[in-house]
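Listed here are the chains, written in short residue letters.
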Amino acid sequence: MLSSKNSFPCGRADALHDFAFDELPANERQEMEQHIRACGDCALEFDRLRITTSALRILPDREIPQRIAFVSDEVFQPSIWARFWNSGAQLGFASACVLAVALLVSAWRMSVVYHPSPAQPVAHVAASMSPEQIQASIARAVAQTRAEDAKVIQTAVAGVEKRLDAQYRGQMVALQENFDVMRKTALNYEARLGANEFPGAGQ
Amino acid sequence: MIFRAVEDTDLISRVCRGDVEAYNLLVSRWEKRVFNYILRLTANQEDALDLSQDVFLKAYQNIRKLDDPARFGPWLYRIAHNEAYSLFRKRRPETVLEDLDADRNPAPGFSVDLSLAVAAALDRLNPEQREAVVLKVYEGFKFDEMAEILGCPVSTVKSRLYTALDLLKRDLAPVDSKRSHRGPAC
């Protein structure tokens, strides 16, 4: 690294330079101080470094001829959205608000859709009836339900039959009308053939 | 009530919220150092002032990209380094140091020959060596900070610095010996 490095018999040029610039770890500083006191080459090099850096520092800092300052300008100002987006606290608060609103809306919708019927006092009713009565009630309810179902099915079948019958009748009428038209056309054609209205037809 | 100094990190967080005045305060803390750093690289006062303004403008525009506000100094100097080298690339190498002697006045209180000798010795270094000396001796950065600013390994930084100091020792030795023979110059 250094041309003078090779001239260091102790081989501690790098550590010496680090020491001179206060970059040596604290635990090695004391050891290096002792080494400099004992090693003539390192002591000489250390003195040269101090003299050189002292000489360099005689060049003073110059005052800046014109102070630098900035004025607020919309071009450089972050937009409101950017400021909001960059603000973690505000964004967190906004997220919490959105979540709260979503929960409220969800809860309201569930209350509108779901109307649980009041609970039947099954146990109370069951306690006041005997098993036979319960069985009879069930049988009655089943029979009633079946009767209602049969009635509904009967009504539906009757409706379908009625609709099919009407459809059939309509089709028959249309067929009859078509047949009449065809018969009239055939009769007309025969009459005209008999009257020899088609001279080329016999050739 | 407990008083504490407003740290750069406090100012940076305020700047990130759009506080321009906080940024002006931050600029006032760093402008002289940045100006002198660039001046020692470019050796031209006008360039140094223009580049300093550009540096602080870029820093303001990109301050939200600064990951660690505690590393504002090296980050700012990295921008300054890039700006200075952009200028070097735009110009021919020989024009970089053309106004050197005009802008480097001798330090008051020291002998003229020593100041000029130091300035001349610095100018004889190549730009990379000079920048290493400036960052270490004048700006007082640690090696890891210098590596961050220069964008190179610490070993490279040390190599440049120690080579530069070796050259400076040789250049400045006669002046020191002359000065010691003549006694104090002021």
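Note that the structure is predicted; figures quoted are calculated from it, not measured. (Residues numbered from 1 in each chain as written. Chains lettered and ligands numbered in written order. Predicted model: local features only at pLDDT ≥ 70, side-chain atom pairs only at ≥ 80, totals over all residues.)

(A) Quick look at the overall build of chain A. Tallying secondary structure elements over chain A gives seven helices and zero strands in all. Along chain A, helices (α) and strands (β) appear in the sequence α-α-α-α-α-α-α when read from the amino end. Residues classed as buried in chain A amount to 7% of the 203 residues present. Here the contacts in chain A between residues at least 6 apart in sequence split such that 40% fall between residues at least 24 apart. (Helix = DSSP H or I, 4+ residues; strand = E, 2+ residues; numbered from the N terminus. Buried ≥ 20, exposed ≤ 12 C-beta atoms within 10 Å, placed from the backbone. Contact = placed C-beta atoms within 7 Å.)

(B) The packing of helix α3 (residues 45-62) of chain B against helix α4 (residues 72-90) of chain B, seen in detail. Residue and element names in this part refer to chain B. Packing of α3 against α4 leaves a shortest axis separation of 9 Å and a crossing angle of 130 degrees. The pairing of α3 with α4 is recorded here as oblique in orientation. As for how α3 packs across α4, the hand of that crossing is right-handed. Between α3 and α4, the contacting residues are D47, L51, D54, V55, K58 and A59 on the first element and L76, I79, A80, E83, A84 and L87 on the second. Tallied by class, the residues present in the contact of α3 with α4 amount to eight nonpolar, no polar and four charged. (Axes fitted to C-alpha atoms, helices over the stretch in contact; angles between N-to-C directions. Parallel < 35°, antiparallel > 145°, perpendicular 65-115°, else oblique. Left-handed = near helix turned anticlockwise from the far one by under 90°. Nonpolar A, V, L, I, M, F, W, Y, C, P; charged D, E, K, R; others polar.)

(C) Just the confidence of the model for chain B, in detail. Residue and element names in this part refer to chain B. With 81% of its residues at a pLDDT of 70 or more, chain B has an overall mean of 83. Averaged pLDDT values for the elements of chain B fall to 46 in helix α5 (residues 100-103) and rise to 95 in helix α8 (residues 143-150). Segment residues 95-102: pLDDT under 50, and nine contacts once partners within four positions in sequence are set aside and those in other chains are kept. Low pLDDT, under 50, characterises residues 178-186; the stretch is placed with eight contacts to residues that sit more than four places away or in other chains. Confidence metrics for the complex model read pTM 0.58 and ipTM 0.75. (pLDDT = per-residue confidence, 0-100.)

(D) Region of the structure containing the interface of chain B and chain A. On the side of chain A, 34 residues touch chain B, which itself brings 40 residues to the contact. When residues of the side of chain B that touches chain A are traced back to their parent elements, those giving at least two are α2 (20-42), α3, α6 (112-124), α7 (127-138) and α9 (154-182) of chain B. Counting residues per element, the side of chain B that touches chain A draws most heavily on α9 of chain B, at ten residues. Its residues assigned to classes, the side of chain B that touches chain A comprises 21 nonpolar, ten polar and nine charged.

(E) Representation of unusual backbone geometry within the structure. Its identity is not glycine, yet D22 of chain A carries a phi of approximately 60 degrees, on the positive side. On the neighbour-count criterion, D22 of chain A (9 C-beta atoms within 10 Å) is exposed. In the Ramachandran plot, A43 of chain B falls in the positive-phi region, its phi being about 60 degrees despite a non-glycine side chain. Take A43 of chain B: it is sitting in the loop between α2 and α3.

(F) Local environment of the nonpolar core. V34, I38, V55, L76, A80, V118 and V133 of chain B are the most contacted members of the largest nonpolar core, which totals 57 residues. No other element matches the ten residues that α2 of chain B contributes to this core. Sequence-distant contacts of V118 of chain B, that is, excluding residues within four places in its chain, are made with A55, L56, I58 and L59 of chain A together with L172 of chain B. (Core = buried A, V, L, I, M, F, W, Y, C linked by C-beta atoms within 7 Å.)

(G) Up close: helix α1 (residues 8-16) of chain B. All names here are of chain B. Within α1, burial applies to L11, I12 and V15. Looking down the long axis of α1, one finds its buried residues gathered within 100 degrees of arc, a one-sided arrangement. Where the residues of α1 are buried, they touch α2 and α4. Just downstream of α1, G18 is the residue with a positive phi angle, here 95 degrees. (Arc of directions from axis to C-beta.)

(H) Highlighting the packing of α7 of chain B against α8 of chain B. Residue and element names in this part refer to chain B. Packing of α7 against α8 brings their axes to within 10 Å, and their N-to-C directions diverge by 135 degrees. Classified by the interaxial angle, the pair formed by α7 and α8 is oblique. The hand of the α7/α8 crossing is right-handed. Contact with α7, carried on its side by E131, A132, L135 and K136, involves M146, I149 and L150 of α8 and no other residues of that element. Of the residues in the contact of α7 with α8, the class split is five nonpolar, no polar and two charged.

(I) Layout of α3 of chain B. Helix length check: α3 of chain B (18 residues) gives 25 Å between terminal C-alpha atoms against 26 Å at 1.5 Å per residue, within 8%. Here the buried face of α3 of chain B lies against α2 and α4 of chain B. (Expected span 1.5 Å × (residues − 1).)

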